[in-house]
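So the chains spell out like this:
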Amino acid sequence: MTFSKSSYKGSNETSGEPSSGSPPNPNFPSLGSHLFTFVLRDLAAAVVRRSHSVLLLTRMGSESKKTASRHTTEADTGTHAFEIVGYTLKKGIGVSKFIRSGTFTVGGIDCLSFQIERSELEAKSAGYIVNNGLTIECRVTVIKESQVSDITGDLEIEVPPSDLSDHFGKLLLEEERADVTFSVGGENFPAHRTVLATRSPVLKAELYGHMKERRARRVTGEDMQPEVFKALLQFIYTDSLPDWDDLDVDGYCEILRHLLVAADRYALDRLKLLCASLLVKYLDADTVATTLALADQHNCEKLKDVCIEFMTSSGEMEAVVATHGYANLKRTCPSILVDVLEKISRCRKT
């Protein structure tokens, strides 16, 4: 509520007897110090809280359909100016009497009258009364009852999973536009220089650098089994590994070790970590020393840490020492045993 501001003129006294025109309203306090009353009618239906709009989405699972509803709250705002002319003539209207404004409607709610502290209006410093007149401006906001409604229609656009790896896998299998062939262990593997160079900086140097393979259409792969090179190519093209369902655990771990070596050779770091993560699942007293030597020789620090942790905390150190892999570890990587012994010593102290 705002007032037009000016200077004060007039008396601060209030006199007069109660008028028989209208009985005192028991809902209002004594108006000895009040002149005007502000009344809102039919406010029972108004919800007085901050307006907001919320969108609720419910998902019942990856296969269920998404539905939605909307919670909406609206508000109406109106301004009413009430002008009082001859202000001092009304100062003696009597106790429990007040001046009513005209009725005005905001948001379907009827509003009338004002209640204002007279001492606040008539203070000289306030300056609200000008030329024996006063204008009161009232701004009312009515917040309506909230509504909840369903949102119809499909709110989702289903996007199929990426098929990029499928297309590159097909490119590898069909050998279309292959421009280089690798000969590994008596088997030939056609491939595409651009794909290989994009995935491996080592192959990029071999195929596009100053090495002899730059102009050769046939490259001989040495020190690698055909099955390992085939898996290497599949990962380069599809970022995935073969299933190898026909292998037992020992054969599976053996090909993973060879593939880790190939990944290190061609700087395929993600493939190296993938092989390491799979080897960890099959660590036991018989294999941990062999796996530790492999990790140390091919700079696979995370795999090395896991192997050392296994050896020092599994309680099977005596069984590990008795394996052929541990004997090879002592011979080929004696420095790594220092790390193992230090870890055991720290564990015993704690």
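Calculation notes
Residues numbered from 1 in each chain as written. Predicted model: local features only at pLDDT ≥ 70, side-chain atom pairs only at ≥ 80, totals over all residues. Heavy atoms only, no water. Phe/Tyr/Trp six-rings, centres within 6.5 Å; stacked < 30°, edge-to-face > 60°. Helix = DSSP H or I, 4+ residues; strand = E, 2+ residues; numbered from the N terminus. Buried < 20%, exposed > 50% of the residue type's maximum accessible area, 1.4 Å probe, protein only. 1 Å grid on protein atoms, 1.4 Å probe; cavity = no way out; pocket = protein on both sides within 12 Å on 5 of 7 lines; lining within 4 Å. Points joined across faces, edges and corners; volume = space filled by probe spheres on them. Nonpolar A, V, L, I, M, F, W, Y, C, P; charged D, E, K, R; others polar. Axes fitted to C-alpha atoms, helices over the stretch in contact; angles between N-to-C directions. Parallel < 35°, antiparallel > 145°, perpendicular 65-115°, else oblique. Left-handed = near helix turned anticlockwise from the far one by under 90°. Contact = heavy atoms within 4.5 Å. Pairing = 2+ DSSP bridges. Expected span 1.5 Å × (residues − 1). Patch = residues over 30% accessible without salt bridge, like charges linked within 9 Å, V, L, I, M, F, W, Y side chains within 5 Å. Areas by Shrake-Rupley, 256 points an atom, 1.4 Å probe, with all protein chains shown as cover. Salt bridge = Lys/Arg side-chain N within 4 Å of Asp/Glu carboxyl O. Lys, Arg positive; Asp, Glu negative; His and termini not counted. Charge placed at Lys NZ, Arg CZ, Asp CG, Glu CD.

Visitor: So what's going on with the packing of aromatic side chains? Residues and values would help.
Guide: The geometry of two aromatic rings is summed up by the distance between their centres and the angle between their planes. Summed over all chains, the structure comprises four aromatic pairs. When the ring of Tyr 252 is compared with that of Tyr 282, the centres are 5.7 Å apart and the planes differ by 75°; the resulting orientation is edge-to-face. Taken as a pair, Tyr 252 in helix 6 (residues 249–265) and Tyr 282 in the loop between helix 7 (269–280) and helix 8 (288–297) lie far apart in primary sequence, 30 residues in all. With a relative accessible area of 16%, Tyr 252 lands in the buried category. Note on Tyr 282: relative accessible area 33%, which makes it partly exposed. Cluster of aromatic residues (ring-pair linked, three or more members): Phe 182, Phe 189 and Phe 229.

Visitor: Which residues make up the layout of surface pockets, and what are the values?
Guide: Looking at the largest pocket, its volume works out to about 240 Å³. Lining the largest pocket are Gly 169, Leu 172, Leu 173, Glu 175, Asn 188, Phe 189, Pro 190, Lys 230, Leu 233, Gln 234 and Thr 238. Looking at the lining of the largest pocket, the elements with two or more residues in it are helix 2 (164–174), strand 11 (187–191) and helix 5 (226–238). Residue classes in the lining of the largest pocket are distributed as five nonpolar, four polar and two charged.

Visitor: Now, about the packing of helix 5 against helix 6: what can you tell me, with residues and values included?
Guide: As a packed pair, helix 5 and helix 6 sit with axes 10 Å apart at the nearest point and diverge in direction by 60°. As summarised for this structure, helix 5 and helix 6 are arranged oblique, according to the angle between their axes. The hand of the helix 5/helix 6 crossing is right-handed. For the pair formed by helix 5 and helix 6, the contact residues are Glu 227, Val 228, Ala 231 and Leu 232 on the first element and Ile 255, His 258, Leu 259 and Ala 262 on the second. Partitioned by chemical class, the residues of the contact of helix 5 with helix 6 number six nonpolar, one polar and one charged.

Visitor: Break down the sheet that holds strand 11 for me, with residues and values.
Guide: Pairing is mixed in the open sheet, where three strands are placed in the order 11-10-12. Looking at the sheet topology across the chains shown, the edges are occupied by strand 11 and strand 12 (218–221). The average undirected angle you get between the axes of adjacent strands in this sheet is 25°.

Visitor: Help me get a handle on helix 5, residues and values and all.
Guide: Quick reminder: α-helices carry 3.6 residues per turn. Residues three or four places apart thus point the same way. Helix length check: helix 5, at 13 residues, gives a terminal C-alpha distance of 18 Å against a target of 18 Å (1.5 Å per residue), a fit within 8%. Within helix 5, ten of the 13 residues are buried, which leaves it mostly tucked inside the rest of the structure. Taken as a whole, helix 5 has its buried residues at Pro 226, Val 228, Phe 229, Ala 231, Leu 232, Leu 233, Phe 235, Ile 236, Tyr 237 and Thr 238. Positive backbone phi, at 60°, marks Asp 239, one or two positions downstream of helix 5.

Visitor: Requested: an account of a negative patch on the surface, with residues and values cited.
Guide: Together, Glu 187, Glu 227, Asp 243, Asp 245 and Asp 246 make up a region of like negative charge exposed at the surface. Note on placement: Glu 227 falls in helix 5. Look at Glu 227 and you get partly exposed, because its relative accessible area is 39%.

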